[in-house]
Amino acid sequence: MVAKHALDTAEAAAVLDEVAGGLTSVWARAHNAPDVPVPATQLRALLVLEHGPVNISTLAAELGALASSASRLCDRLEASGLLLRDPGQDDRREVTVRLTAEGRALMDRLRGRRREELERVLAAMAPAARQALLWGLSEFHQALGPGPASRALEHDALEHAAREHDQDRERPDDPFPLPA
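Given the structure is predicted, the values throughout are model-derived calculations rather than measurements.

Draft legend 1. Examining a nonpolar patch on the surface more closely. On the surface, Leu 16, Val 19, Phe 140 and Leu 144 cluster together into a nonpolar patch covering about 330 Å² of accessible area. Listing elements by their share of the nonpolar patch, those giving two or more residues are helix 1 (9-31) and helix 6 (127-144). Given the relative accessible area of 45%, Val 19 is considered partly exposed.

Draft legend 2. Fine view of helix 4 (residues 67-79). In this model helix 4 runs 18 Å from its N-terminal to its C-terminal C-alpha over 13 residues, within 8% of the 18 Å that 1.5 Å per residue would give. Taken together, the buried positions of helix 4 are Ala 70, Leu 73, Cys 74 and Leu 77. All buried residues of helix 4 project into a common sector of 105 degrees when viewed along the axis, lining one side. If you follow the buried residues of helix 4, they end up packed against helix 2 (40-49), helix 3 (56-63), strand 2 (83-87) and strand 3 (95-99).

Draft legend 3. The environment of Leu 46, seen in detail. With respect to the secondary-structure elements, Leu 46 resides in helix 2. Separated by 13 residues in sequence, Leu 46 and Leu 59 have C-alpha atoms that sit 9.7 Å apart. Residue contacts for Leu 46: discarding those within four places in its chain leaves Val 38, Leu 77, Leu 82, Leu 99, Leu 106 and Met 107.

Draft legend 4. Structural detail: the pairing of strand 3. One ladder, built from 2 bridges, connects strand 1 (residues 54-55) with strand 3; its direction is antiparallel. Each residue of the ladder has a partner; that of Val 54, found in strand 3, is Val 97. As judged from the 5 bridges shared by strand 2 and strand 3, these two strands associate in the antiparallel manner. The residue bridging Leu 83 from the neighbouring strand is Leu 99, located in strand 3.

Calculation criteria
- Residues numbered from 1 in each chain as written.
- Predicted model: local features only at pLDDT ≥ 70, side-chain atom pairs only at ≥ 80, totals over all residues.
- Heavy atoms only, no water.
- Patch = residues over 30% accessible without salt bridge, like charges linked within 9 Å, V, L, I, M, F, W, Y side chains within 5 Å.
- Areas by Shrake-Rupley, 256 points an atom, 1.4 Å probe, with all protein chains shown as cover.
- Salt bridge = Lys/Arg side-chain N within 4 Å of Asp/Glu carboxyl O.
- Helix = DSSP H or I, 4+ residues; strand = E, 2+ residues; numbered from the N terminus.
- Buried < 20%, exposed > 50% of the residue type's maximum accessible area, 1.4 Å probe, protein only.
- Expected span 1.5 Å × (residues − 1).
- Arc of directions from axis to C-beta.
- Contact = heavy atoms within 4.5 Å.
- Pairing = 2+ DSSP bridges.

Here it is in structure tokens:
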């Protein structure tokens, strides 16, 4: 979808909102496979923990949940063998949660599936369009600014793609040139 004129912020937001559904469906296909042993809410917690151990309060904040709800969710993930709880060294009430080897393996498998699907879609794009997309997503990510780990999901892949792009050529003045 190439705009015939420069989009204002509201129009750009509407386009992004529409196409974000495609990206969401790539994630959903990987995460809703029959061999994924956890429901979506528990998977969201695992996605947060994929970036490293956190305490229950931080996990609850990332999920937009109460600490008691996050604790019960962790009970289920621990029973599934995907999460471990570690008592705090200074304060035993301060519990840190982290992925087990099995939890990490699940997240690695899901990341691999997502990336395979993304590679398939990206391969169908013209190289210039692919570069423009990656540049735009990198700029979008920077505009988000610092925030919760949930905003940084798959950050490493995006950063890698942006670095490769910057090494290959300088950023164009207009990354989305309109056809004449």
